[in-house]
Amino acid sequence: MIPASHESRSASLTLAPRGEVRHDWTVEEIEALFALPFNDLLFHAQQVHRAHFDPNAVQVSTLLSIKTGACPEDCKYCPQSGHYNTGLGKEKLLEVEKVVEQARAAREAGASRFCMGAAWKSPREKDLDVVLEMVRRVKALGLETCMTLGMVDNDQAGRLAEAGLDYYNHNLDTSPEYYGEIITTRTYADRLETLGNVRQAGMKVCAGGILGMGEAPRDRAALLQQLVRLEPHPESVPINMLVKVPGTPLEDVDDLDPIDFIRAIAVARILMPASHVRLSAGREQMNESTQALAFLAGANSIFYGDQLLTTANPQAEQDRALFDKLGLHPEVVGKSTRETCADDARQQADLAAALEVRAARQAAAALDARAGELAYDATRA
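This section reports on the structure supplied with the text.

## Focus on the pairing of strand β3 (residues 144-148)
Phase 1 of the analysis: Taking burial as the measure, the five residues of β3 include five buried ones, the bulk of the element.
Phase 2 of the analysis: Bridge count between strand β2 (residues 113-118) and β3: five bridges; the pairing is parallel. Considered in β3, the bridge of Phe114 is made with Thr145.
Phase 3 of the analysis: Taking the sense of rotation as the criterion, the β-α-β connection linking β2, helix α5 (residues 125-140) and β3 turns out right-handed.
Phase 4 of the analysis: Taken together, the two bridges between β3 and strand β4 (residues 167-169) define a ladder with parallel strand orientation. Bridge pairing links Met147 to Tyr168 in β4.
Phase 5 of the analysis: Between the parallel elements β3 and β4, the chain passes through helix α6 (residues 154-163) in a crossover that is right-handed.

Right, dumping it as structure tokens:
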């Protein structure tokens, strides 16, 4: 018999049908999702995931820092902030050819999207022209392109879109209520305005947050609510685990329980069913079991390579080994879910046919052996 507490929780929560996209989730509804029994939460997340994606395909991106350090923002988690002494050196904007070389290597290593990040509050005019050329050159390699450059206005967003930029990343980081504890040099409204400019320019949105910064569970629900309110939902939703960097104000914050992190992945998948949910920063600290649970919970995008902007990331060979162990494969750019499902159906049909042939051969061999046992050998008479 199901415990009464479970019945009451289930009865009070009306889950959206697997094909429905909602923008009106309340914080209380999202908190109720977080409170579901872990198995129920993951089961529902898997149902939603399979309704929209190939369950074994993972979108693979590579991230390159094109300008590192000396950022004027005071984000308490960031080693690139000029407000903290983290030992990170200041680097100028990379040359276009070096970026293209890195993008080509990422493509050969299996990445389908190349993301470029600069430690700016917003791009300066003289730098933006160089960035636009990077977008055009990387796009010409056949890769999807993504940039994170800080705040952009309507004109800047329009020029990036015209150059061929596919995605613009601008995270909300945390809830509106907790935001002031993490950042004071940029407001929440500034972040939402940038996302609006990106969407108006016709680009896809990449927006998520960071967990484990000392926030309360309700802040995680409120962060996801802000993302859900965006219309349409962000196409890419990075869920980051804080990487504690010595020298930053958050270096001694308590670790987030991995199960709480997995719950956030699953809830994000349910709330934004058609979005790619990215298992992002913090993977270096996760063992294979935690990563496997994240994929089960609905994560279907990762950064691939030796490091993110300035923090470590599981090496490519380790990721390949994990993919092999879990039966995962990189998502193919441009292939629709319907085409992917058709491929899966063909693979299943081919496997079933191969098994039938194998079974028939085994049965025939068994009959031959049995016939040999029953045959009369005249030479022994």
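## What about the nonpolar core?
Phase 1 of the analysis: Formed by 94 residues in total, the largest nonpolar core has its most connected members in Ile66, Tyr77, Met147, Leu160 and Phe261.
Phase 2 of the analysis: For this core, the element with the highest residue contribution is helix α9 (residues 258-271), accounting for nine residues.
Phase 3 of the analysis: Core analysis: the next-biggest nonpolar cluster, separate from the first, contains five residues, Leu63, Cys115, Cys146 and Phe303 among them.

Cut-offs applied
Residues numbered from 1 in each chain as written. Predicted model: local features only at pLDDT ≥ 70, side-chain atom pairs only at ≥ 80, totals over all residues. Heavy atoms only, no water. Buried < 20%, exposed > 50% of the residue type's maximum accessible area, 1.4 Å probe, protein only. Helix = DSSP H or I, 4+ residues; strand = E, 2+ residues; numbered from the N terminus. Pairing = 2+ DSSP bridges. Right-handed = clockwise from strand over helix to strand, strands pointing away. Core = buried A, V, L, I, M, F, W, Y, C linked by side-chain atoms within 4.5 Å.

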